[in-house]
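Okay, here's what each chain looks like letter by letter:
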Amino acid sequence: IEVKLRGTDPAVVLPRLQEMLFFSDAKSIMDGLPEQVADMIPLEINGAPARSCHCAHIFDGSHWIRLSLPSTRYTPPKVTHVVEPNFTDEAQEQKIKGSVTLVFYVSDVGRVDEIWLAKPLEAGLDEQAAIAARKYTFNAAQVDGRPVGTMVRVEVNFQIF
């Protein structure tokens, strides 16, 4: 990260920047995420789910709408093309298996536009999962019969055969 201070006092800016980049606890992490992402991350704080939204977050072209589920107005996106992720050499050597959980935004044209890592694995598999997910395509979610963008949570599994 390159930071241009432009005459600003580093003693003031750098602690604030550190505050913005590093979180002291899980609650701070969740509070720092966009609501539509935080609601989809499988995180527990003190044994209870961090969020408990049974909803869909949809983007109607100008703003986010939180829609309670189930809803007859909403049709979730449907995957039309999945790309399998590559297994890294490091993961194969260490015989690592498991799943990476990603949260991503599927646009109103069915394209994956933004990806957040919700549950990592290791050994480069997080990156491989994201690379593969960027190539997924969907039939867009719909509200009242018109396409909308929405958030999707996906688990990408890595198994050694």
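Please refer to the structure placed before this passage.
**Student:** Teacher, can you tell me more about the packing of aromatic side chains here?
**Tutor:** Aromatic rings considered in pairs are described by the distance between their centres and by the relative angle of their planes. Enumeration over the complete set of coordinates arrives at seven aromatic pairs. Arranged with centres 6.1 Å apart and planes meeting at 85 degrees, the rings of F104 and Y136 form a pair that is edge-to-face. Separated by 32 residues along the polypeptide, F104 in strand 7 (residues 98-106) and Y136 in the loop between helix 5 (125-133) and strand 9 (137-139) bring together distant segments of the chain. With respect to class, F104 is no different from Y136; both count as buried. Three or more aromatic residues link up through ring pairs in this structure, and these residues are F59, W64 and Y105.

**Student:** Even after reading the chapter, I still don't get the side chain of Q128, so can you show me in this structure?
**Tutor:** Along the chain, Q128 turns up in helix 5. A relative accessible area of 18% means that Q128 is categorised as buried. Residues within four places of Q128 in sequence aside, it is in contact with P85, N86, T88 and F158.

**Student:** Can you walk me through the pattern of salt bridges in this structure?
**Tutor:** Think of it this way: side chains of opposite charge can pair up when their charged atoms draw near. A full pass over the atoms with the stated rule returns two salt bridges. Notably, a salt bridge pairs R111 with D113, separated by 2.6 Å at the nearest N-O pair. Accessibility expressed as a relative area gives 46% for R111, which makes it partly exposed.

Here is what the cut-offs are and how they apply
- Residues numbered from 1 in each chain as written.
- Predicted model: local features only at pLDDT ≥ 70, side-chain atom pairs only at ≥ 80, totals over all residues.
- Heavy atoms only, no water.
- Phe/Tyr/Trp six-rings, centres within 6.5 Å; stacked < 30°, edge-to-face > 60°.
- Helix = DSSP H or I, 4+ residues; strand = E, 2+ residues; numbered from the N terminus.
- Buried < 20%, exposed > 50% of the residue type's maximum accessible area, 1.4 Å probe, protein only.
- Contact = heavy atoms within 4.5 Å.
- Salt bridge = Lys/Arg side-chain N within 4 Å of Asp/Glu carboxyl O.

Limitation: the analysis is restricted to geometry and does not speak to function.
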